[in-house]
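Each chain, written out:
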Amino acid sequence: MRKPMAGTGWKMNHTAAETADYAERLKAILAPGIADSLDIFVLPPFTALHAAQRHFAGSSVAYGGQNMHWDLYGAWTGEISAPMLVEAGCRYVELAHSERLAHFGETYELVRRKLDAALAEGLTPILCLGETGEDKRQGRTVTVLAEQLATALTGQPAERVPEVVLAYEPRWAIGAAAAASPGHVAACHTALRTLLTERYGEDVADRTRIIHGGSVTPENGEELIRLPDVDGLFVGRAAWSPEGFARIVDIVHRAAQERVPS
Ligand SMILES: O=C(CO)[C@H](O)COP(=O)(O)O
């Protein structure tokens, strides 16, 4: 069975001091041992990773970077490498977020190199996939997802694929007024599982987690987490307060309890 996930990307929010405060408040809310049934993660800005390391140490909450460079070191001004994230105690790194693609010229070919480096250095990549509004209008959603997946995973042996967490985030639903409809979410998660099966076989597809993001809230999360092939919730705005994130964690935790075979 795939272990469910509850995660939040903070984008360019929260200083180191605010991260310390967030961590202490979140730890005070979460039930001890909750990480037995789900993986919980936060993605702070780089400058707050050491605060995350100090304040989440020994807790149920893992953390990671929001981006990284594909090279391990070198003349790449303003960049951060996988070994630097590992040294800061990161378990995860987010790759191909829509805002990186839209505003910083990232491509899935670059993402492929980053993903390769992340896996080689022992990080768990959270690989974002998603169509634009225009792709959706043109009926190209599954084609686009297939292209993104194929490019990002080129060269990866099948046995490494379950080490990658796929995050389906329709780009038009990020920072929006509402999440994608449950029907659209279910169809796209199932399409991604099918693509994995076709490319890598059923065993790999069964073990690879596909989480969902894009205007997820405690209100819509209850339904989204129970959809077929949705293995977790990946939240921005609604989890930028520890209380908001704790509600998301609780939703995923309760759904995970329902899934446990009796
Ligand atoms: O970063 C995100 C978390 O998955 C994503 O961009 C969604 O942000 P939100 O729309 O503010 O939840």
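Rules and cut-offs
Residues numbered from 1 in each chain as written. Predicted model: local features only at pLDDT ≥ 70, side-chain atom pairs only at ≥ 80, totals over all residues. Heavy atoms only, no water. UniProt positions renumbered as here; feature names shortened; annotations may be inferred. Buried < 20%, exposed > 50% of the residue type's maximum accessible area, 1.4 Å probe, protein only. Helix = DSSP H or I, 4+ residues; strand = E, 2+ residues; numbered from the N terminus. Pairing = 2+ DSSP bridges. Right-handed = clockwise from strand over helix to strand, strands pointing away. Axes fitted to C-alpha atoms, helices over the stretch in contact; angles between N-to-C directions. Parallel < 35°, antiparallel > 145°, perpendicular 65-115°, else oblique. Left-handed = near helix turned anticlockwise from the far one by under 90°. Contact = heavy atoms within 4.5 Å. Nonpolar A, V, L, I, M, F, W, Y, C, P; charged D, E, K, R; others polar.

An unreviewed UniProt entry lists the protein chain under the name Triosephosphate isomerase, with Labrys wisconsinensis given as the organism. If you open the UniProt record of the protein chain and go to Sequence similarities (unreviewed entry), you find "Belongs to the triosephosphate isomerase family."

Student: Would you take a moment to explain the pairing of strand 3 (residues 61-65) for this structure?
Tutor: On a regular strand, one side chain projects to one face of the sheet and the next to the other, so that they alternate. Counting buried residues along strand 3, five of its five residues qualify, which places the element largely inside the surrounding structure. Every second residue of strand 3 is oriented toward a common face, with Val-61, Tyr-63 and Gly-65 on one face and Ala-62 and Gly-64 on the other, all of them buried. Of the strand pairs in this sheet, strand 2 (residues 39-43) and strand 3 are connected by three bridges, and their pairing is parallel. Within the sheet, the bridge partner assigned to Ile-40 lies in strand 3 and is Val-61. As for the winding sense of the linkage, the β-α-β connection from strand 2 through helix 2 (residues 49-56) to strand 3 is right-handed. Both strand 3 and strand 4 (residues 92-95) contribute to a ladder of two bridges, which runs parallel. Directly across from Gly-65, in strand 4, lies its bridge partner Val-93. With helix 3 (residues 82-87) bridging strand 3 and the parallel strand 4, this β-α-β connection has right-handed handedness.

Student: Got a minute to help me understand the packing of helix 1 (residues 16-29) against helix 11 (residues 242-259) in this structure?
Tutor: Two quantities define a packed helix pair, namely the angle between the helix axes and the distance between the axes. Interhelical geometry of helix 1 versus helix 11 gives an angle of 40° and a closest axis separation of 9 Å. Classified by the angle between their axes, helix 1 and helix 11 sit oblique to one another. Here helix 1 and helix 11 pass one another in a crossing that is right-handed. Listed contacts from helix 11 to Tyr-22, Arg-25, Leu-26 and Ile-29 of helix 1 are Pro-242, Glu-243, Phe-245 and Ala-246. Here the residues of the contact of helix 1 with helix 11 are counted per class, giving six nonpolar, no polar and two charged.

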